[in-house]
Structure formats: C-alpha cells, structure tokens
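Observations on the three-dimensional arrangement
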Amino acid sequence: MMPGNDTGATAKSACGVDTQMALPNLRRLSYYNSPGDIDMTDKMRIMTSRPLNAETPIERLRSWVTANDVFFDRNQGEIPETPVSLETYRLAVEGEVQKPLSLTFGEILQMPKEIVSNTLECSGNSRSLLETKARGNPWTIGGVGNAVYGGVWLRDILEMAGLTETARHVAFEGMDKGMGKSGITFVRSIPIEKAMDSTLLAYEMNGEPLPIKHGFPLRGLALGWTGANCVKWLNRIDVLDKPFEGFFMDNVYRIFQKGQDPKEGEVVTALSLKAIITQPLKEAQLGPGKVTVLGAAYAGEDRVKQVEVSFDGGQSWSQAQFLGPDEPYAWRQWQYVWEVSQPGEYLIMARATDQTGRQQPMNAAWNVQGYGNNGVREHAVQVKIVR
C-alpha cells in the first residue's frame, strides 16, 4: 500500500495497489542511532536561499513516501510568491501540432486521471561525495525523494492537439522567473518517445494539491528521469522538430569533461542505478550485537532486482531484504540486520543490481558538473563499534 492523502480515501494505481492511504504524522517520530536518540525534525539543509536549494534530512529518507514538506528543493529561479489563480490559468500547447490548445485547469481535471509513484532525484545529488571536486551545489544524498503523483498523461493532451509528421521533441516552460541580469527562462525538452510513453502532468503530490514550491498547479514529470527534466509551474508546451536550444539544454545538464564543449556532452536523462544508506549515519558509534542497516535503491526507468551490503571493504557481500511496495519508477526500501561482535571501525557499503543484470559501479565516473554520482565507495558509511 502506498501512503497518500489524509482523508482515508483510496485509489488504485496501474499496478493495482492502494495509492492514497493516509500519511502518518511523521513530525512526532524519533529515530534511534547508537546510545541516545535523534529526534526526527523537518530541518532541511539549505545550500542557497535564492534560488532555494535544500536537501531532505537523511532520517526522512527512511520511508517509502517522502513527505511534501521535506521533499528536496531544487530551483534555478524564484519560486512564485502566490499561487496562480486556477480560474485564469491556461496551459498552452503549440508548435508541431495540428490544433493548438489553450486548456483551463478545469478541463485538465476532467481528463482521465492516473496515479503513479515516482522517485525524483536532482541531477547533482551526491556531488559533494566525489573525491575530486565538481561544480555546483554540494548535495550529499538528500537530493532525492519518492512521492505518489496524480495527474494526466501528456500523451492524452498531445493526441488532442494532433502531432505533425515532424514532431520530434517536446519542450516545457514554467511560470518561474529567471534570476540575475540575464533572467534566463528555464526551458527543457524531451524526446517525443518519452513524452508519449511515460510522462505525467502532475497536479497532486502525496494526495494533496501540488505544493507551490513543487510546481503548483502543474508539473511535467518524465518518470524515472532526473528533476531537471521535470519542469515546475508548467504553463506552456511546445512541440518541436528538434531539441530545444538554450542555456539549460546546451550548457548544463550534460555530461562533459574539462576542455570539452558542453554541447558535445550527453544529455542528463534517466536516474543512475544507485543504493544509498540511510541508517546508521556516518561516524555513528554503535554497540555490539544486532545493527539494523536501512537504505533505499533506485534505477530510474528500470527496476531494482537486489541490494547487497558489505562490511569488509567489498571482499564479501550479503543480500539485503526489501521493504514495502515495488512500483515502476519508484525506489525500493531495504534493510539488513548486521550481527557484529568485535569493536572497531567498519565501512558499510551497499550496491544495487537491476533486472537487466546491470550492477552499480564501485566508483563514480567523474564529470565537470558532478552529475550522476552512483559510486558504491562514494556512498559508503563509516561507523564505529564500541563496547
């Protein structure tokens, strides 16, 4: 079952599981880590306030659903101060279409609805864990979260507009304003295949109207892809005959090396295969006996098949146990009960394998912007067992 709104109402996803059960009151919970307890708070680690970029506390990543109020914030521009009026809101669909559209929010709500779970991750999540420094905000592992979204399939709207024979890409533009003198508008485009297959226009998040800071009233969600491909405050869709050309398509969100033209780099799209450890925390001091290791693993458009853990530098691996739902595009929560008797320092590592047999790499592949860090060693957690 998937937590959703707090009304007790339920709805079924495409996989047949309940997706709108009541969310627990997470604010009053406490988590335990070595002697003493760590109170669970809503305090997020803010890297920049303008624009707002903040990561989810690690303790709040231990649930299959990440609460809206602590879901990570990644912005290139100003968050709108007040919500747009739903009476005047319009979604424009133009470009390589046979019938341009201007849809009201009410018309969008009348379309067939879908409810899906999706793990969203900032392209630069875990950047600060790289051995060699990279450009950008110093994310640890809190630039990721999983939510249950309600909305309409983008393909339904594109079919209403009617695609031309030259339609190849779909560009999204939001209502947020760019910062600085340049004031560059955040526009991203995705291939038509992704747009027609697995892209949702979301107006609900965890059973509530999409929060302002997460894109109210509408967000484009390319399921299984990084947050850069999921434009917030969406009010314009342009169907193009080629990828959109602009700063946020050509200069950033590409994998490139020093001295290389960013335009030559590969565009950042799907999430990398990755396992993270959410308990214990780094540098924790633990008593001997049974230690519960918790974490999450995700694979973007693919499914996670297994997670293994190691406590001896990768010489041996043990299979972890999955917890909770298994849904397309969503992470798997996992645990391993580690029995340890000898005092000393230990390095806990976790690695994921997807259903194709692809395994998470031991070391990250460095790039100028520090995107896609999914190295096992970079995400290892050092702990100390004390008597």
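Up top is the structure these notes are about.
Because the structure is a prediction, the values reported are computed rather than measured. Every chain is numbered independently, its residues counted from 1 as its sequence is written. Reporting of local features is limited, given that this is a predicted model, to residues whose pLDDT is at least 70; pairs of side-chain atoms are given and counted only at 80 or more, and all residues count toward the totals for whole chains, interfaces and linings. In computing side-chain properties, one takes all heavy atoms of the structure into account and sets aside hydrogens as well as water.

1. Looking at the sheet that holds strand S19 (residues 274-279)
Rules: The pairing criterion for strands is at least two bridges between them, as found by DSSP. Secondary structure elements follow DSSP: runs of H or I no shorter than four residues count as helices, runs of E no shorter than two count as strands, and numbering proceeds from the N terminus. Angles run from 0 to 180 degrees between N-to-C directions of axes, and those axes are lines fitted to C-alpha atoms, restricted for helices to the stretch in contact.
The strand order across the open sheet formed by 4 strands is S19-S21-S25-S24, and the pairing between neighbours is antiparallel. Where the open sheet ends on each side, the last strands, each with one partner, are S19 and strand S24 (321-323). Neighbour-to-neighbour, the strand axes of this sheet turn through a mean angle of 35°, independent of strand direction. In this sheet, strand S21 (residues 289-298) lies alongside S19 in antiparallel orientation, the contact comprising 5 bridges.

2. A look at the pairing of strand S4 (residues 52-55)
Of the pairings in the sheet, the one linking strand S3 (residues 45-49) to S4 comprises 4 bridges and is antiparallel in character. Bridged to Ser49 within S4 is Leu52.

3. Side note on the layout of surface pockets
Selection rule: The definitions used throughout rest on a 1 Å grid laid over the protein atoms alone, on which a cavity is an enclosed set of points accommodating a 1.4 Å probe that cannot get out and a pocket is an open set flanked by protein within 12 Å on both sides along at least five of seven lines; lining residues are those having an atom within 4 Å of a point. Grid points are joined across faces, edges and corners, and a volume is the space filled by probe spheres set on the points. Nonpolar residues are Ala, Val, Leu, Ile, Met, Phe, Trp, Tyr, Cys and Pro. Charged residues are Asp, Glu, Lys and Arg, and all others, Gly as well, are polar.
Here the largest pocket defines a volume of roughly 390 Å³. Lining the largest pocket are 22 residues, with Ile255, Ala270, Ser272, Tyr371 and Gly372 positioned closest to its centre. Partitioning the lining of the largest pocket into residue classes produces 10 nonpolar, 9 polar and 3 charged.

4. Quick notes on the pattern of salt bridges
Here is the rule we go by: Any carboxyl oxygen of Asp or Glu that lies within 4 Å of a side-chain nitrogen of Lys or Arg is treated as forming a salt bridge with it. To sort residues, take the accessible area from a 1.4 Å probe on protein chains only and compare it with the maximum for the residue type: under 20% means buried, over 50% means exposed, and anything in between is partly exposed.
Here the structure, examined in full by the defined rule, presents 15 salt bridges. Asp326 is the partner of Arg332 in a salt bridge, and the nearest nitrogen-oxygen pair spans 3.4 Å. For Arg332, a relative accessible area of 10% corresponds to the buried category. We classify Asp326 as partly exposed; its relative accessible area is 37%. Among the charged side chains, a network of salt bridges with common partners joins Glu94, Arg236 and Asp238.

5. Quick look at the packing of aromatic side chains
The condition that has to hold: Think of it this way: a Phe, Tyr or Trp ring, Trp meaning its six-membered ring, pairs with another when their centres are within 6.5 Å, and the plane angle makes it stacked under 30 degrees, edge-to-face over 60, tilted otherwise. In this scheme, the term charge over a ring applies when either NZ of a lysine or CZ of an arginine sits within 6 Å of the ring centre and within 35 degrees of the ring normal.
Summed over all chains, the structure comprises 12 aromatic pairs. Linked through ring pairs, Phe186, Phe247, Phe248, Tyr253 and Tyr371 together constitute an aromatic cluster. Taking the ring centre of Trp153 as reference, the NZ or CZ of Arg155 above it sits at 4.6 Å. Here the basic side chain of Arg351 rests over the ring of Trp317, its NZ or CZ set 4.1 Å away from the ring centre.

6. Quick look at empty space enclosed by the protein
A full pass over the atoms with the stated rule returns 2 cavities of 30 Å³ or more. Quantified by volume, the largest cavity comes out at close to 230 Å³. Forming the walls of the largest cavity are 20 residues, and the residues nearest its centre are Arg74, Asn75, Arg219, Gly227 and Lys232. Of the residues belonging to the lining of the largest cavity, the class tally is 10 nonpolar, 5 polar and 5 charged. There is about 50 Å³ of room inside the second largest cavity. What lines the second largest cavity is Tyr298, Ala299, Gly300, Asp302, Arg303, Val304, Asp326, Glu327, Tyr329, Ala330 and Arg332. Residue classes in the lining of the second largest cavity are distributed as 5 nonpolar, 1 polar and 5 charged.

7. So, the environment of Arg74
Which entries qualify depends on this criterion: Contacts were defined at the residue level, with two residues in contact if any of their heavy atoms lie within 4.5 Å.
Within the secondary structure layout, Arg74 lies in the loop between S4 and strand S5 (77-78). Looking at Arg74, the relative accessible area reads 23%, which means it is partly exposed. The sequence separation of Arg74 and Gly143 amounts to 69 residues, and the corresponding C-alpha distance is 8.1 Å. If near-sequence neighbours (up to four positions away) are discounted, Arg74 is found in contact with Leu52, Asn53, Cys122, Asn137, Trp139, Lys232 and Tyr253.

8. Observations regarding unusual backbone geometry
Each neighbour pair has its own omega, and for Phe216 with Pro217 the value is 10°, a cis peptide bond. For Pro217, the position within the fold is in the loop between strand S14 (208-209) and strand S15 (219-222). For the peptide bond that leads from Gln279 to Pro280, omega is 0°, which places it in the cis range. Unusually for a residue other than glycine, Ser126 sits at a positive phi of about 70°. Mapped onto the elements of the fold, Ser126 is located in the loop between strand S8 (114-121) and strand S9 (144-153). Even without being glycine, Asn206 reaches a positive phi, approximately 55°.

9. Looking at the side chain of His169
Along the chain, His169 turns up in strand S10 (residues 169-174). We classify His169 as buried; its relative accessible area is 16%. Once residues lying within four places of it in the same chain are set aside, the contact partners of His169 are Ile190, Pro191, Ile192, Asp238, Val239, Leu240, Lys242 and Pro243.

10. Notes on the pairing of strand S7 (residues 101-104)
Residue alternation in S7 divides its side chains into a buried set, Leu101 and Leu103, and an unburied set, Ser102 and Thr104. The sheet contact formed by strand S6 (residues 90-95) and S7 spans 4 bridges and is antiparallel. The residue of S7 that forms the bridge with Arg90 is Thr104. Hairpin remark: S6 followed by S7, antiparallel, with 5 residues in the connecting loop.

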